[in-house]
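Here's the letter readout for the chains.
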Amino acid sequence: MPATAPRRVLLDTDPGIDDALAILLALASPEITLTALTVVHGNCPLSEAVANALALLELGGATQIPVAVGCAAPLLRPPFTATETHGLSGLGYARLPAATIAPVAEHGVDLLIRELLAAPGQISLVAVGPLTNLALALRKEPQIVAAIGELIIMGAAFQADGNTTPLAEFNIYADPHAAKIVFDAGLAPTIVPWDITREIRLGRHDIDRLLQRGGPIAEFIAEATRFYIEFHLKQFGYAGCAINDPAALALVYWPHLARTTQAYIDVEISSELTMGKTIADFQGLTGKHPNAQIVTHFDGEGFVAHFVERMEQLIDRLA
Ligand code: BDR
Ligand code: CA
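Quick summary incoming for the structure in this document. Quick caveat, the model's predicted, so the values are computed rather than measured.

Moving on to the pattern of salt bridges. According to the stated counting rule, one finds 14 salt bridges in the structure shown. We note a salt bridge from Glu115 to Arg8, for which the minimum N-O separation is 3.0 Å. Of this pair, Glu115 sits in helix H4 (residues 108–118) while Arg8 sits in strand E1 (residues 7–13); the two residues are 107 residues apart in sequence, bridging distant segments of the chain. On the basis of relative accessible area, Glu115 is assigned to the buried category, the value being 14%. In this structure Arg8 comes out as partly exposed when scored by relative accessible area, which is 26%. The salt bridge involving Glu312 is made with Arg209; its shortest N-O contact spans 2.8 Å. A residue pair is termed long-range when its members are at least 10 positions apart, and Glu312 in helix H13 (residues 300–318) and Arg209 in helix H10 (residues 204–213) qualify at 103 residues. According to the relative accessible area criterion, Glu312 is buried, its value standing at 10%.

Below, the structure written as structure tokens:
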């Protein structure tokens, strides 16, 4: 157990297979407590994402954690999903029993604002979906800027091609205007871009190791990632899957996994051709003050080993 009090985390998420793995990692990690999940449109339509969030908390024995329903659509653009990556339900081939718990009545945007203002500096906000909820929270209550203890975002592609358009990464492409609001808010987020997370790969041998443990969590991970691995094989030519969102979550309690570089970042919101492309001014050419910490190196191997161990611990704890 950690020597210090667990860090409080708000996870803004669009589950989503790797979101699901991030939720399970949060439940498996004694260094953090999940204050709430706020759900946003993204990998699948919002209704599926909410159902998945609830079912995952039930699977992980954490039904006490509130789930708040956030925004169903981007700020300006039409909804855009990633069903080819995550399946129609958002969880690949996995079929979880419908949850017996329900979302709280409070809107996700209002929950974010309330929790952040109630605990200034104490909450790590980890955003692993399109940034619509956070952008609206910033517009509704700008005082949250001072209250956010730490903001970690999985998204963007600075030194790599996109995974959604030739230039844009999914979370940013799915709501580029929201990303613009968040980047310009003065929050100095840590950005874990797809350049980095695409190299953090869970393999079939990792899944087999979990399956040896047995139980519903291992089965869930195997069935969800079976779809995700098929997608990676077809799209990227390797038999594994990038665990983007868990890597971002882990930085809350294990920042030494990453090396970061400060830079000014911005996002394209005008050109349809390059919409959602994120740009980092690593050379200081714009003369603009850095507004983000960008992860440029990450101990992917160390993290994957850690992730598998944490899943084994969670499986054992719930057996
Ligand atoms: C991001 O987009 C989604 O498909 C994943 O859940 C992750 O948050 C990776 O580009
Ligand atoms: Ca996600």
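We are not done yet, so read on.
Glancing now at the pairing of strand E4 (residues 123–127). Among the five residues that make up E4, five are buried, leaving the element largely enclosed by the rest of the structure. The alternating pattern of E4 places Ile123, Leu125 and Ala127 on one face and Ser124 and Val126 on the opposite face, and all of these are buried. The pairing of E1 with E4 spans five bridges and is parallel. Among the inter-strand pairings, Asp12 is bridged to a residue of E4, identified as Ala127. Two elements, E4 and strand E5 (residues 150–154), share four bridges in a ladder whose sense is parallel. When the bridges of E5 are listed, Ala127 appears paired with Ile153.

As a further point, take the coordination of the calcium ion (ligand 2). Taken together, Asp14 (OD), Asp19 (OD), Asp19 (OD), Val128 (O) and Asp245 (OD) make up the protein donors of the calcium ion (ligand 2), found 2.2 to 2.5 Å from the metal. The sequence pattern describing where the donors of the calcium ion (ligand 2) fall on their chain is D-x4-D-x108-V-x116-D. Highlighted residues: Asp14 in the loop between E1 and helix H1 (17–28) and Asp245 in helix H12 (residues 244–250), separated in sequence by 231 residues. As far as burial versus exposure is concerned, Asp14 and Asp245 are alike and both buried.

Geometrically, a pair of aromatic rings is defined through the distance of the ring centres and the angle of the planes. For the structure on display, the rule yields seven aromatic pairs. Taking 5.0 Å as the distance between ring centres and 75 degrees as the angle between the ring planes, the aromatic pair formed by Phe80 and Tyr173 counts as edge-to-face. Within this pair, whereas Phe80 is found in the loop between strand E3 (67–69) and helix H3 (83–86), its partner Tyr173 is found in helix H7 (residues 170–173), the two being separated by 93 residues in sequence. We classify Phe80 as partly exposed; its relative accessible area is 31%. Note on Phe298 and Phe303: the rings are 5.8 Å apart at their centroids and 80 degrees apart in plane angle, and the pair reads as edge-to-face. Each member of the pair Phe298 and Phe303 is classed as buried. Members of the aromatic cluster, connected to one another through ring pairs, are Phe80, Phe170 and Tyr173.

Procedures and definitions
- Residues numbered from 1 in each chain as written.
- Chains lettered and ligands numbered in written order.
- Predicted model: local features only at pLDDT ≥ 70, side-chain atom pairs only at ≥ 80, totals over all residues.
- Heavy atoms only, no water.
- Salt bridge = Lys/Arg side-chain N within 4 Å of Asp/Glu carboxyl O.
- Helix = DSSP H or I, 4+ residues; strand = E, 2+ residues; numbered from the N terminus.
- Buried < 20%, exposed > 50% of the residue type's maximum accessible area, 1.4 Å probe, protein only.
- Pairing = 2+ DSSP bridges.
- Donors = N, O, S within 2.8 Å, 3.2 Å for Na, K, Ca; no water.
- Phe/Tyr/Trp six-rings, centres within 6.5 Å; stacked < 30°, edge-to-face > 60°.

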